[in-house]
Amino acid sequence: MEKQLSKGYRFFYVVFNLAMLGLTVFSLMWTVIGENRILFLFPGFVALGLLLWSMIKIYFKTGVWSFVHRKSEHMDERELTVARKSLQKAYSIFAVVVLSLIVLSLLSITIFDSGTFIAENTSGLWIVVAGLIYLAHSLPAAVIVLQESRLDFK
Amino acid sequence: MKNRKIYNRISILRKGRGISRKELARKIGVNFQTVGYLEREEYNPSLDLAFRISEFFNLPIDMVFSTKPMKSIEKILMEKETNKNGKTTE
């Protein structure tokens, strides 16, 4: 029987992965749109490396990533229940994150009059979009890693 | 609504037949991890799966699953035997 990862270990890697995602998006966005590009480039790539490392460690090696991306025809009834629950939670969290980003953007446009700045730097927004795509794919896996008593997905 | 815990004898029956979790999983059409969850009583099977399991072991469903903690089959047989002997001596 495979050794199970402790809850603390799992929590650390999930939080670390999300923190690295935030740092990667922030750094690479400012690399693209900021004035002092080189300042953010190095931390951006370091964060990206750490993001990929933690992703392999907690999602790939445990088999959770392939599980949440498996077709439902290849799942049995217990696995379908686990997948449904994780997708339901991930959907709620993702909706809150996206709506918060929209509200923050609207507030920054209204309060700081940043509309022109955003319009002139749309290339930076693509980094945010890439980050959101990763978040949408990794959230169901994160929910499973944090909530399931055992990680038997290989 | 919280589901009741369903107890079962899958582990004992499987070991008795000398088959692996993977083999049983293949026969009843689930992934082998699910057999582990069933044996540890961490997952309540659907009615369809419960029937597939009991049909595989060729036993009535109430011999495999129960809502109360289950005695081992040997214990039940021994109790039956004791009762029988008790009645004959009377």
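Computed from a predicted structure; not experimentally measured.

### Some details on the overall build of chain A
No. 1: What chain A contains, in helices and strands, is six helices and zero strands.
No. 2: Shown N-terminal to C-terminal, the secondary structure of chain A runs as helices and strands in the order α-α-α-α-α-α.
No. 3: If one aligns the C-alpha atoms of chain A with their principal axes, the spans along those axes are about 55 × 30 × 25 Å.
No. 4: By residue count, 37% of the 154 residues in chain A fall in the buried class.
No. 5: Taking the intrachain contacts of chain A between residues at least 6 apart in sequence as the baseline, contacts between residues at least 24 apart amount to 79%.
No. 6: Carbon together with sulfur atoms contributes 72% to the accessible area of chain A, which is approximately 9,300 Å² in total.

### Some details on the overall build of chain B
No. 1: Regarding its fold elements, chain B presents six helices and two strands.
No. 2: Across chain B, helices and strands are ordered from the amino to the carboxyl terminus as β-α-α-α-α-α-β-α.
No. 3: On C-alpha atoms alone, chain B measures out to a radius of gyration of 15 Å, which is more than a quarter above the 12 Å that the 2.2 N^0.38 rule sets for 90 residues.
No. 4: When the backbone C-alpha atoms are referred to their principal axes, chain B occupies close to 50 × 35 × 20 Å.
No. 5: When the 90 residues of chain B are sorted by exposure, 31% land in the buried category.
No. 6: Look at the contacts in chain B between residues 6 or more apart in sequence, and 61% of them connect residues 24 or more apart.
No. 7: For chain B, the separation between the mean place of its 19 positive charges and that of its 11 negative charges on side chains is 4 Å.

### Focus on the interface of chain B and chain A
No. 1: Contacts between chain B and chain A engage 15 residues on the former and 13 residues on the latter.
No. 2: Taken together, the two surfaces of chain B and chain A that pack against each other cover about 1,000 Å², and 39% of this comes from carbon and sulfur.
No. 3: Broken down residue by residue, the surface that chain B buries against chain A is led by Q33, Y37 and Y43 of chain B, which jointly contribute 49%.
No. 4: At the surface where chain B touches chain A, the tally comes to zero salt bridges.
No. 5: At the surface where chain B touches chain A, the tally comes to seven residue pairs in polar contact (both at pLDDT 80 or more).
No. 6: Those elements giving two or more residues to the side of chain B that touches chain A turn out to be α3 (32-39) and α4 (47-57) of chain B.
No. 7: In the side of chain B that touches chain A, the residues fall into six nonpolar, five polar and four charged.

### Looking at unusual backbone geometry
All names here are of chain B.
No. 1: Non-glycine residue E41 carries a positive phi angle of around 60°.
No. 2: Unlike most non-glycine residues, N58 shows phi in positive territory, near 60°.
No. 3: Looking at the secondary structure, you find N58 in the loop between α4 and α5 (61-64).

### Considering the side chain of S138 of chain A
No. 1: Looking at the element boundaries, S138 of chain A is found in helix α6 (residues 122-147).
No. 2: Not counting chain neighbours up to four residues away, the residues in contact with S138 of chain A comprise Y59 and W65 of chain A.

### Points about the pattern of salt bridges
All names here are of chain B.
No. 1: Per the stated rule, a full pass over the model turns up five salt bridges over all chains.
No. 2: The closest approach of N and O atoms between E39 and R14, which form a salt bridge, is 2.4 Å. Of this pair, E39 sits in helix α3 while R14 sits in helix α1 (residues 10-17), and the two are 25 residues apart along the sequence.
No. 3: Among the residues examined, R14 registers a relative accessible area of 9% and is labelled buried.
No. 4: Across the pair R52 and D48 runs a salt bridge, and its minimum N-O distance is 3.1 Å. Highlighted residues: R52 and D48, both in helix α4, separated by four residues, approximately one helical turn.
No. 5: By sharing partners, the salt bridges in this structure join R14, R21 and E39 into a single network.

Parameters and conventions
Residues numbered from 1 in each chain as written. Chains lettered and ligands numbered in written order. Predicted model: local features only at pLDDT ≥ 70, side-chain atom pairs only at ≥ 80, totals over all residues. Heavy atoms only, no water. Helix = DSSP H or I, 4+ residues; strand = E, 2+ residues; numbered from the N terminus. Buried < 20%, exposed > 50% of the residue type's maximum accessible area, 1.4 Å probe, protein only. Contact = heavy atoms within 4.5 Å. Areas by Shrake-Rupley, 256 points an atom, 1.4 Å probe, with all protein chains shown as cover. Rg over C-alpha atoms; globule rule 2.2 N^0.38 Å. Lys, Arg positive; Asp, Glu negative; His and termini not counted. Charge placed at Lys NZ, Arg CZ, Asp CG, Glu CD. Buried area = accessible area lost by both parts, 1.4 Å probe. Salt bridge = Lys/Arg side-chain N within 4 Å of Asp/Glu carboxyl O. Polar contact = N/O pair within 3.5 Å; in protein donor to acceptor, adjacent residues only side chain to side chain. Nonpolar A, V, L, I, M, F, W, Y, C, P; charged D, E, K, R; others polar.

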